Structures are given as C-alpha cells and as structure tokens.
Amino acid sequence: MELLIGIILFIFIIGTVIGSFLNVVALRGLTGESIVLPPSKCPHCGNKLKPWHNIPILSYLFLRGKCAFCQEKISIQYPIVEFLTGLLLVGCFFKYGITITSLFTFIACCILLVMSITDIKEKVICAGHAWFMIIVGLLYNVILTHFYVHNAVSTNGFFKLNTEVFFNLPIINSLLGIIAGVVIMEALAGIGNILVGKRAFGTGDTFIAAGIGAFFGWLLLLNALGLSIIVQVAIVLPGFLKKLKAKNDYLTIGLISLFLILAAGFSAVNYYGMMEDFVICLLASLILLIVGLYACIRVLKGAKENNDISVLPFGPAMAIATLIALAIIA
C-alpha cells in the first residue's frame, strides 16, 4: 500500500511539473512568444523568476499567491492547471498502465487542457495547438495500425484486408474521426448562420473536434460531442434561465423545462427497454425533436431580437466530455 501511494505521488509530481509547462504553452500561445525563450518572468513587473519561484503548486502557496518582486497577485490559473495535469497523469496511469495508449492519451488531454485555457481566457483556439493535436493523433493511430497488422501476421501468419478489417484499422477510424468532427461542427455552425446570422460554434471548436476525432476515432467523437452539449447546458443553463425570467419569457422557460423532462423520460424508458414498439418509439422521438427545435428557435430568435448573441466557449465542454467518454467508454 505504501509503495502504491509513493508511485501515485511520484506520478502526480511529474504531472504538476508538466502542468507548469502547459501554463507557459497556453499563455505564450496567446502572446505569440516562444515557449523556450525568454525564461519565465512575472507578467506584471517583468522580473525573471528564480527556480524556487517555479515549484508547481508549492511556490504559489509559499508566496501566498503574490509575486516575490512586485507583490502583484499571481493568477490562480497556475496552481489549478498544475494540479489538474497531475490528476490527468495519475488517471491515465490507472486507466491504461505504462503503455503507449497511456502516453498518447495523456498528450491529448494536455493539448485539450491548453486549448481550454486559451478558450476560457480569450475565446481563442491557437491554430498551432489544434494542428499539433491532429498530427499527433494521426501519428498515434499509425503506430496502433502497425501493431494491429503485426499482431494479425503473428497470429495468422498473414494479413488479409477486407471491408470489415479496413474500417477497423485505427488510422481509418482516425481519418473518419477528423472528417466527422469537421462536418458535424461546420453543419451546426451553418444552422446558427441560417437562424440568427452568426455561427453557432467558432472555427476553433471545429479544430478541437477534428483533433479529438484524430486521436480517438469517430465513435468516441460522437459520444464526446453528445456529452459536451449536456456539459455545456449544465454550465450555462442556470444563468440563462435567470435571464429569461428577468425578461418574463416564461414560454421559453416552459419549453426548455418540457424538453428536459421529455428527454429524461425518453432516455429512462429506452434504457429499461420499455419502448419496443418501433412506431411509438418513432413518434416519441419526433415529439422530442419538435419540442427541442422549437425551444432552440425561440432561444436564438430571442437572443437576436435583444442583441444578446454571445459566443460561449464550447472548447472546455468538449474537453470535459472527452474525459468522461474516455473514462466510461474507452
């Protein structure tokens, strides 16, 4: 038990060190500076930080969240990202062990974390971060495809490529994941253009979806996108309903509530196998779709009429949803 705790602590510490570097990658990605030079400095006074000022989490605590030189407050982002990265590395280790899957999954999680930081701070996804995720995701699946073919040859003495095998190849799943990510996100963005004259999602969100697809394939991407909508709703719904109440828009509040109740009931009935009749299932699905679409149209039209169309960062929701999908599905 003591050995296990020691291993977990060691892995967590390594993760926090990587998290410190991720802070640099995210912030310098926004400023356009090199991630190597100049050395770490205070963003307020510009003084070069000493090595003991850069100890993950501990330096923030010892300095009481203030710069050692100018006493300006240090952003809480730094220890939070370091802590989260430590947890991510520990999670990957427990999920996949010391494997290539663990390594590349952790890399994907780190890139998603960096893109979430820039999305939250400036509503920006740096193209370099997104392309790096797509390229590394493709590389990962090329390696997995090599192992797939090698295992088939080792087991059977040959490798036979047919339609079923072709679509099971990791690199094909990766390519399909990229295509699915781009097509789905751009289609949703187009719907926003049609309804309110503005993209429903930013171009950066399309890049993130393509990166998730590149790493984990089209199936996990679809699950992650579905979960991301639930995560986003959970984050923004309380504040959104408060705004609707202030405008006395009780019809939209009622439609949203009705949709959530119907969706929960539909999911429960399907989960327990209580809706086996195809016609009834189809009618229920259509009712759910109509209520949901009407609620969405009222929300978007109301936002347009009141000039209240704000772009909420969707990248963090996709990152959280991907972690949930990896924990439950992968």
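A brief structural summary.

Cut-offs used in this document
Throughout, residues of each chain are indexed from 1 in the direction in which the sequence is written. A pLDDT threshold of at least 70 governs which residues receive local features in this predicted model, and a stricter bar of 80 or more applies before side-chain atom pairs are shown or counted, although totals over entire chains, interfaces and linings include all residues. Hydrogens and water molecules were not included; the side-chain quantities draw on all heavy atoms of the structure. The numbering of helices and of strands both runs from the N terminus, where a helix is a DSSP run of H or I of at least 4 residues and a strand a run of E of at least 2. The criterion used for residue contact is that any of the two residues' heavy atoms lie within 4.5 Å. Throughout, exposure labels follow a simple rule: accessible area from a 1.4 Å probe, protein chains only, divided by the maximum for the residue type, with under 20% read as buried, over 50% as exposed, and the rest as partly exposed. Here an angle of 0 to 180 degrees is reported between the N-to-C directions of two axes, which are lines fitted to C-alpha atoms, with helices fitted over the stretch in contact. Any angle from 65 to 115 degrees is called roughly perpendicular, while one under 35 is roughly parallel, one over 145 is roughly antiparallel, and all others are oblique. Crossing chirality is assigned from the near helix's rotation relative to the far helix, an anticlockwise turn below a right angle marking it left-handed and a clockwise turn marking it right-handed. Classification convention: Asp, Glu, Lys, Arg as charged; Ala, Val, Leu, Ile, Met, Phe, Trp, Tyr, Cys, Pro as nonpolar; all other residues, Gly among them, as polar.

What to know about the side chain of Thr145
Working step 1: Positionally, Thr145 belongs in helix H5 (residues 127-156).
Working step 2: Excluding residues within four positions of it along the chain, Thr145 makes contact with Leu169, Pro170 and Ile171.

Quick notes on the environment of Leu221
Working step 1: Residue position: Leu221 is located in helix H8 (residues 203-246).
Working step 2: Residue Leu221 is classed as buried on the basis of its relative accessible area, which comes to 0%.
Working step 3: The sequence separation of Leu221 and Ala325 amounts to 104 residues, and the corresponding C-alpha distance is 8.6 Å.
Working step 4: The contact partners of Leu221, leaving out residues within four places of it in the chain, are Gly177, Ala180, Gly181, Ala209, Ile212 and Gly213.

Re unusual backbone geometry
Peptide bonds are, in most cases, trans, and in most cases residues other than glycine have a negative phi.
Working step 1: Even without being a glycine, Arg64 presents a positive backbone phi close to 55°.
Working step 2: Along the chain, Arg64 falls in the loop between helix H2 (58-62) and helix H3 (77-96).
Working step 3: For Arg64, a relative accessible area of 74% gives the class exposed.
Working step 4: For Lys123, which is not a glycine, the phi torsion comes out positive at approximately 55°.

Re the packing of helix H4 (residues 100-122) against H5
Working step 1: One can describe the packing of H4 onto H5 by two numbers: an axis separation of 10 Å at closest approach and a directional angle of 165°. Compared by their axis directions, H4 and H5 come out roughly antiparallel. In this structure, the crossing between H4 and H5 has a hand that is left-handed. Across the interface between the two elements, Ile100, Thr101, Phe104, Ile107, Ala108, Ile111, Leu112, Val114, Met115 and Thr118 of H4 pack against His129, Ala130, Phe132, Met133, Val136, Tyr140, Ile143 and Phe147 of H5.
Working step 2: The residue makeup of the contact of H4 with H5, split by class, is 15 nonpolar, three polar and no charged.

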